[in-house]
Amino acid sequence: MKKVFNTIIGMMTLAALFLTACGSASTGSDGALSVLASTSFLTDIAQNVAGNRVQIQSLLPIGSDPHAYQPAPSDVAKIAESKVLILNGLEYEHFIEPLLENAGGERLVIEATAGLTPLQMEEHADEAESGDSHGYEAGDPHMWLDPNLVITYVENIRDGLSEADPEGAEVYAANAAAYIVQLQDLDMFIKEQVETIPVERRLLITNHEAMGYFAARYGFKVVDTILPSFSSEASASAQEIAAAVDAVKNSGAPAIFLGEVENADLANQIAAETGVKVVDGLYLESLTDGGPASTYIEMMKNNVIQIVDGLK
């Protein structure tokens, strides 16, 4: 996977020169810049930067789990038609390499997490090598669950769109500045909500390792993860399940939190043995078609309300 991102990075300069030199080549048949983002939440973030100037399309449909996503033939066509591709990065889009190879052509690739330092989990090195964590050797990719880190996403997207479409640079800059204010307001909202939880109850048990950045920002302790991997597609051994049961009992954590695409069987098994409740209303990897998580900001608000209610 590292090889493909090195290839992508190498392509970025050439693609940028190509787009700048040939303005007509940077647009689709209708004259609009063709921009594709990998996931629904990334599409929404990018759309706030693009505003009315560019329509951002999502590669993955709403409700898809990127950890388990199996590309469709139509995905190759979508990428082939794009002139800008927005990725989360940190090897989150583990499925992208063959799609890029099959699509061919040139496009500007924006890596939203560029410049950010990911959390590293040495204890999962064996899983990364075996493929159980989809090879996230680059670190935990779930940075969007901290709105402050999303500010860097916005800045990277702003700069990339401005490179692909210099005439829209002022629009992208203004939109990005306005959206950053909304992200700062979101951060304040989350802090206020979290402050209603007693410190000793700010304990998170999750299905897989997705909440590290959220926990670090807002003062939670991640007691345990049922699936000890960055991927929701990993599997837990009997020993790991027993350890999770012990961790729940010893911590006094009142709930297990699941993302919307995660299988609840293991969580329900552990809950039955420990008496804790299972909260399965979090949206971590995808938006919803309408409420309660139709935008990135609404997704985060829904998550924190679910967490606060589960821990009170």
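Refer to the preceding data block for the structure.
Analysis parameters
Position numbers for residues count from 1 along each chain, tracking the sequence in the order it is written. The model is predicted, so local features are restricted to residues of pLDDT at least 70 and side-chain atom pairs to those at 80 or more, both for listing and for counting; the totals for chains, interfaces and linings are taken over all residues. Side-chain metrics rest on all non-hydrogen atoms present in the structure, leaving aside hydrogens and water. Working definition: helices are DSSP H or I runs of at least four residues, strands are E runs of at least two. Numbering for both runs from the N terminus. Accessible area is worked out with a 1.4 Å probe on protein chains only. A residue is then buried under 20% of its type maximum, exposed over 50%, and partly exposed in between. Whether two residues are in contact is decided by their heavy atoms: any pair within 4.5 Å suffices. Angles here are taken between N-to-C directions and fall from 0 to 180 degrees, while the axes themselves are lines fitted to C-alpha atoms, restricted in helices to the stretch in contact. What sets the label is the angle itself: under 35 degrees gives roughly parallel, over 145 gives roughly antiparallel, 65 to 115 gives roughly perpendicular, and the rest give oblique. Throughout this entry, Asp, Glu, Lys and Arg are counted as charged residues, while Ala, Val, Leu, Ile, Met, Phe, Trp, Tyr, Cys and Pro are counted as nonpolar. The remaining residues, Gly among them, count as polar. Counted as a polar contact is a pair of N or O atoms within 3.5 Å, where, for protein atoms, one must be capable of donating a hydrogen and the other of accepting one, and residues adjacent in sequence contribute only when both atoms are in side chains. Each aromatic pair joins two rings of Phe, Tyr and Trp (for Trp, the six-membered one) with centres within 6.5 Å, and gets the label stacked for planes under 30 degrees apart, edge-to-face for over 60, and tilted for any other angle. As a reminder, the over-ring test applies to NZ of lysine and CZ of arginine, requiring each to be within 6 Å of the ring centre and within 35 degrees of the ring normal. Should a side-chain nitrogen of Lys or Arg be within 4 Å of a carboxyl oxygen of Asp or Glu, the pair is scored as a salt bridge.

Right, let's get into the overall build of the protein. A count of helical and extended segments in the protein gives 11 helices and 8 strands. Across the 312 residues that make up the protein, the buried fraction comes to 53%. Taking all contacts inside the protein whose residues are at least 6 apart in sequence as the whole, residues at least 24 apart take part in 68%.

We now examine the packing of helix H2 (residues 40-50) against helix H7 (residues 169-194). Between two packed helices, what matters for the description is the angle formed by their axes and the separation of those axes. Running from amino to carboxyl end, H2 crosses H7 at an angle of 125 degrees, the nearest separation of the two axes being 7 Å. Looking at the two axes, H2 sits oblique to H7. Mapping the contact onto sequence places Asp-44, Ile-45, Asn-48, Val-49 and Ala-50 in H2 and Val-171, Tyr-172, Asn-175, Ala-176 and Tyr-179 in H7. Partitioning the contact of H2 with H7 into residue classes produces 7 nonpolar, 2 polar and 1 charged.

On to the environment of Tyr-92, then. Following the sequence through the fold, Tyr-92 ends up in the loop between strand S3 (84-87) and helix H4 (96-103). Using a relative accessible area of 0% as the deciding quantity, one classes Tyr-92 as buried.

Here Tyr-213 lies in helix H8 (residues 212-218). Residue classification places Tyr-213 among the buried positions, given a relative accessible area of 6%. The spacing of Tyr-213 and Pro-147 is 66 residues in sequence and 9.5 Å in space, taken between C-alpha atoms. Apart from residues lying up to four places away in sequence, Tyr-213 is in contact with Pro-118, Leu-119, Asp-140, His-142, Met-143, Asp-146 and Leu-149. For Tyr-213, the side chain forms a polar contact with the main-chain nitrogen of Leu-119, separated by 2.9 Å.

Take the packing of helix H6 (residues 147-164) against H7 next. The interhelical angle for the contact between H6 and H7, taken along N-to-C directions, is 175 degrees, at an axis separation of 9 Å. Relative to H7, the element H6 lies roughly antiparallel. Together, Pro-147, Asn-148, Val-150, Ile-151, Val-154, Glu-155, Arg-158, Leu-161 and Ser-162 of H6 and Ala-169, Tyr-172, Ala-173, Ala-176, Tyr-179, Ile-180, Leu-183, Gln-184, Leu-186, Asp-187 and Ile-190 of H7 make up the contact between the two elements. Counted by class, the contact of H6 with H7 contains 14 nonpolar, 3 polar and 3 charged residues.

Scanning the entire structure with this criterion turns up 5 aromatic pairs. Here a set of aromatic residues connected by ring pairs shows up, and it is made of Phe-41, Tyr-92 and Trp-144. The ring of Phe-189 has Lys-301 sitting right over it, with the charged end atom 5.3 Å from the ring centre.

On to the pattern of salt bridges, then. Per the counting criterion, the structure on display carries 4 salt bridges. With its nearest N and O atoms 2.9 Å apart, the salt bridge here joins Asp-187 to Arg-217. Placement of Asp-187 in helix H7 and of Arg-217 in helix H8 is noted, with a sequence separation of 30 residues between them. Judged by its relative accessible area of 6%, Asp-187 is buried. Residue Arg-217 is classed as partly exposed on the basis of its relative accessible area, which comes to 32%. Each of Asp-187, Lys-191 and Arg-217 takes part in a single network of salt bridges with overlapping partners.

Our next topic: unusual backbone geometry. Across the junction of Gly-291 and Pro-292, the peptide omega takes the value 5 degrees, indicating a cis bond. Within the secondary structure, Pro-292 sits in the loop between strand S8 (277-282) and helix H11 (296-311). Positive phi, normally seen in glycine, also occurs at Leu-90, with a value near 55 degrees. Unlike most non-glycine residues, Glu-91 shows phi in positive territory, near 65 degrees. Turning to its location among the elements, Glu-91 is positioned in the loop between S3 and H4.

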